[in-house]
Amino acid sequence: MTSNATCRTEGPEMAGTPDEVRTLGGLLEHQTAEYGDETFFRTRGEAYSYRDLDGRANAIANELYANGVTAGDVVCLYMYNRPEYLYTLFALAKIGAVAAPIDTRFTDETLAHVLTETDADIVILDGDTEAAYETVRNEVATISTELFVGGDPDGTYRDFDLLLEGEESSAPDVDVRGTDPCSVIYVQRYQRPHPQGVVLPHYSYINTGTVSGGELLGLTQDDCLFTTLPFYSSYPIQMGVAGALSIGAEFAFEKQFESDRFWELIRQYDATVFLYLGRMLSVLYNQAERPDDDDNPAAYAVGHGFGFGSDETMIANFERRFDVTVLEAYGITPTATLATTNRPDDRRLGSVGKPLPHADIKIVDEDDWEVPAGETGEILVRSTELNAMFDRFYEDDDLTVEVCRDRWIHTNDVGYLDEDGYLYFVASKRNTIHLGRVAGRISSLEIESVLESHPEVRESVVFGVATGTGEEAIKAVVVPVAGTSPSPIELSEHCEKQLTYHKLPRFIEVRSELPRSASGKVRKDRVRDVSGASVWDRESGYDLNR
């Protein structure tokens, strides 16, 4: 895994961190010596000690190493959250091999692309991903070893448990450093046909874990950090696993988010902190109220929501109801999960907080010129510490150079900074509409959320359409609830009550279904036309009720 192009920053060389804990494997060994048989993680009613995790990681590391897996080799992990995921992640870290956690939503061409580009010899899968893997199995020539977790009833694959027969007392003697790659995580970037691999060094895991577990949350050994977020994301590993591990706290996880069991699990694990993303908080809040909603051990919820104005009210109401403090944060995989965050003693509702000590933030216009406070533009992030963020894009020097211009990571996200340095996230560029230099970019997700709050709307998609002036006009395509027929005028009046004038859709089209690709994404190219008779135009004789 060598490359000429990197996004490494200028800065100190990890001076405050001991050599033995600058890698993920080294941190586990250090904490195992400290905490041994104390519980480190729990899941599905089972508890696993530090020694359990370290021993099983050693066994897998020894077996893989004996079978030719060496430093720099990539191993693909295509499975749902489970203990074996953590065993393997730490095993690879101990021998300097590189984990490639694959998004379990990747199928068909996308899955084949990732498996092929990694040039991996080994893939590990389970019963939940087997069917998707089978469809591309014959298209990936590099894979020679397929390991199945959980017992393969057909005997098609090798049994993962064979790896657990290795020696548990110690791992192979391999020199692994904090600068070495720990993982390559594939993410979709704006206007790119395929996901790109983000190469994260070992120290990025240590830094994010230490900052989040200690400096941000002040965790102790009495705390438990809980997540239902998928392990293919950097967030639950860097902030959850590494965060708890760095402090000697407990980590708990489940396979996936189940809203009707979430608070039951919080109580079961005695979780004091939980991680969230996207609509999780609103889904939890929209459940029927119960008299014991505030009777739970959670003190903090840390994550990132929609990023527009209604968050402020929703978060305040959520906190009152569940007696949990919400800490909105911002980061992407290349920034190693966290770049800004609200702190328990320094937060501003509606914002995603201030930069962390190792991060610089600025907002720029379309020409990369920094804009004044309060003005919307692209969010740029720069690390002030070596190896605290990503190193490069895997096998793509051109993209690395493009994204890391002048050592600043161009996130493709839109936001603004206020006068006090708090960052406000608007949306990803793919979910924004450009209304011109004065109005800037606005979130299409916000408009979709308002439309879908109408009782007769099942789903919607909102996007910008070219006007020929360099600006975009807003078009909304709406699918009604079965048996209803809301008119465009009704939908426009509904939006008027909740959105400012410049966010109101100009064009509204009502359709029975949204056109989708084979992977389930909405085909916006098939609904961009605004000239058809079925498309309503607000500027054709409709007077706003304002």
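Above this text you will find the structure in question.
Conventions used here
- Here the residue numbering is sequential within each chain, running from 1 through the sequence in written order.
- This being a predicted model, a pLDDT of at least 70 is required before a residue's local features are given, and a value of 80 or more before pairs of side-chain atoms are given or counted; all residues contribute to the totals for chains, interfaces and linings.
- Note that the side-chain values use all heavy atoms of the structure and ignore hydrogens as well as water.
- To qualify as a helix, a DSSP run of H or I must reach at least 4 residues; to qualify as a strand, a run of E must reach at least 2; elements of each kind are numbered from the N terminus.
- Here the globule rule reads 2.2 Å times residues to the power 0.38, and the radius of gyration is calculated from C-alpha atoms.
- Contacts are residue-level and defined by heavy atoms, with any inter-residue pair within 4.5 Å sufficient.
- For the area figures, the Shrake-Rupley method with a 1.4 Å probe applies, and any residue is considered shielded solely by the protein chains shown.
- Counted charges follow a simple rule, with Lys and Arg positive, Asp and Glu negative, and His plus the chain ends left uncounted.
- Positions of charges follow a simple convention, taking NZ of Lys, CZ of Arg, CG of Asp or CD of Glu.
- To obtain an axis, a line is fitted to C-alpha atoms, over the contacting stretch when the element is a helix, and the angle between two such axes runs from 0 to 180 degrees between their N-to-C directions.
- Our angle categories are set so that under 35 degrees counts as roughly parallel, over 145 as roughly antiparallel, 65 to 115 as roughly perpendicular, and the remainder as oblique.
- All amino acids are sorted into three groups, where Ala, Val, Leu, Ile, Met, Phe, Trp, Tyr, Cys and Pro are nonpolar, Asp, Glu, Lys and Arg are charged, and the leftover types, Gly among them, are polar.
- Expected helix span is taken as 1.5 Å per residue step, with the number of steps being one fewer than the number of residues.
- The buried label goes to any residue with under 20% of its type's maximum accessible area, the exposed label to any with over 50%, and the partly exposed label to all in between, with areas taken from a 1.4 Å probe on protein chains only.
- A pairing counts as a salt bridge when a side-chain nitrogen of Lys or Arg comes within 4 Å of a carboxyl oxygen of Asp or Glu.
- By this definition, two strands are paired if DSSP reports at least two bridges between them.
- Note on ring pairs: Phe, Tyr and Trp rings are taken, using the six-membered ring of Trp, and paired if centres are within 6.5 Å. Classes follow the plane angle, with under 30 degrees stacked, over 60 edge-to-face and the rest tilted.
- Charge-over-ring contacts are defined here by two conditions on Lys NZ or Arg CZ: a distance within 6 Å of the ring centre and an angle within 35 degrees of the ring normal.

**Student:** Got a minute to help me understand the overall build of the protein in this structure?
**Tutor:** Counting secondary structure elements, the protein contains 13 helices and 27 strands. For a compact globule of 546 residues, the expected C-alpha radius of gyration is about 24 Å, and the protein comes in at 24 Å, within 12% of that figure. Its C-alpha atoms give the protein principal-axis dimensions of about 80 × 55 × 50 Å. Contacts in the protein between residues at least 24 apart in sequence constitute 69% of all its contacts with a sequence separation of at least 6. Of the roughly 22600 Å² of accessible surface on the protein, a fraction of 43% belongs to carbon and sulfur atoms. Taken as two groups, the 48 positive and 94 negative side-chain charges of the protein have centres that lie 6 Å from each other.

**Student:** Just to check I follow, could you spell out the packing of helix α3 (residues 83–95) against helix α7 (residues 234–247) for this structure?
**Tutor:** Packed helix pairs are specified by the crossing angle of their axes together with the interaxial distance, meaning the distance between the axes. Axis separation between α3 and α7 bottoms out at 14 Å; the angle between their running directions is 80 degrees. Classified by the interaxial angle, the pair formed by α3 and α7 is roughly perpendicular. Listed contacts from α7 to Leu86, Leu89 and Phe90 of α3 are Ile237, Val241 and Leu245. Classifying every residue of the contact of α3 with α7 gives six nonpolar, no polar and no charged.

**Student:** Whenever I open this one, α3 confuses me. Can you help?
**Tutor:** Along an α-helix, residues three or four positions apart point the same way, because every turn accommodates 3.6 residues. A rise of 1.5 Å per residue sets the reference length of α3, with its 13 residues, at 18 Å; its end C-alpha atoms lie 19 Å apart and thus fit the reference within 8%. For α3, a buried count of 13 out of 13 residues is recorded, marking the element as mostly surrounded by other parts of the structure. Looking at the residues trailing α3, positive phi occurs at Gly96, about 75 degrees.

**Student:** Can you help me understand unusual backbone geometry in this one?
**Tutor:** Most of the time, phi is negative for any residue but glycine, and the peptide bond is trans. For Asn387, which is not glycine, the phi torsion reads 65 degrees and is therefore positive. Topologically, Asn387 is positioned in the loop between β18 (377–383) and β19 (392–393). Judged by its relative accessible area of 6%, Asn387 is buried.

**Student:** Before we go on, may I ask you to explain the pattern of salt bridges in this structure?
**Tutor:** Side chains bearing opposite charge may pair, as long as their charged atoms lie close to each other. Tallied over the full model, the rule gives 32 salt bridges. A salt bridge links Asp128 to Lys255; the shortest N-O distance between them is 2.8 Å. Of the two residues, Asp128 sits in the loop between β5 (122–126) and α5 (130–136) while Lys255 sits in the loop between β11 (250–253) and α8 (262–269), which places them 127 residues apart along the sequence. We classify Lys255 as partly exposed; its relative accessible area is 27%. The partner of Lys475 in a salt bridge is Glu509, and the shortest N-O contact between them spans 2.9 Å. One end of the pair, Lys475, is in strand β25 (residues 472–480); the other, Glu509, is in strand β26 (residues 507–510), with 34 residues separating them in the sequence.

**Student:** How should I be thinking about the side chain of Gln31 in this particular structure?
**Tutor:** Structurally, Gln31 can be placed in helix α1 (residues 24–35). Accessibility expressed as a relative area gives 5% for Gln31, which makes it buried.

**Student:** Please explain the pairing of strand β17 (residues 359–364) as it appears in this structure.
**Tutor:** Here is the key point about a regular strand: its side chains alternate between the two faces of the sheet. The buried fraction of β17 amounts to five of the six residues, a majority that puts the element mostly inside the structure. One ladder, built from six bridges, connects β17 with β18; its direction is antiparallel. Considered in β18, the bridge of Ala359 is made with Ser383.

**Student:** What is the right way to read the sheet that holds β26 from this model?
**Tutor:** Strands in a sheet are paired, the pairing made by backbone hydrogen bonds, and the direction either parallel or antiparallel. Strand order across the open sheet formed by four strands is β24-β25-β26-β27, with mixed pairing between neighbours. Strand pairing shows two members of the sheet lacking a second neighbour, β24 (457–466) and β27 (535–537), which therefore form its edges. Taking each pair of neighbouring strands and ignoring which way they run, the sheet shows an average axis angle of 20 degrees. Here β26 pairs with β27 via three bridges, running antiparallel. Looking at β27, one finds that Phe507 is bridged to Asp537. In this fold helix α12 (residues 444–452) packs onto β24 and β25, with an angle of close to 145 degrees to the strand it touches most, β24. On the sheet, helix α13 (residues 488–496) packs against β24, β25, β26 and β27 and is oriented at approximately 130 degrees with respect to β26.

**Student:** How should the sheet that holds strand β21 (residues 423–428) be read in this particular structure?
**Tutor:** In spatial order, the strands read β17-β18-β20-β21; together these four strands make up an open sheet with antiparallel pairing. Both outer strands of the open sheet, β17 and β21, are each paired with one neighbouring strand and no more. Along the sheet, successive strands turn relative to each other by an average axial angle of 45 degrees, direction set aside. Direction of pairing for β18 relative to strand β20 (residues 409–417): antiparallel, over a ladder of four bridges. Bridging across to β20, Leu380 finds its partner in His410.

**Student:** Please explain the packing of aromatic side chains as it appears in this structure.
**Tutor:** The relation between two aromatic rings is expressed through the spacing of the ring centres and the mutual angle of the planes. One pass over the full model with this rule turns up 23 aromatic pairs. Consider the rings of Phe231 and Phe251, whose centres lie 6.3 Å apart with planes at 35 degrees: the pair is tilted. Here Phe251 lies in strand β11 and Phe231 lies in the loop between β10 (224–227) and α7, a separation of 20 residues in the sequence. Phe251 matches Phe231 in its accessibility class, with the two residues each being buried. Among the aromatic side chains, those forming a connected cluster through ring pairs are Tyr35, Phe40, Phe41, Tyr48, Tyr50, Tyr85, Phe231, Phe251 and Phe253. Positioned above the aromatic ring of Tyr285 is the side chain of Arg321, whose terminal nitrogen or guanidinium carbon lies 5.3 Å from the ring centre.

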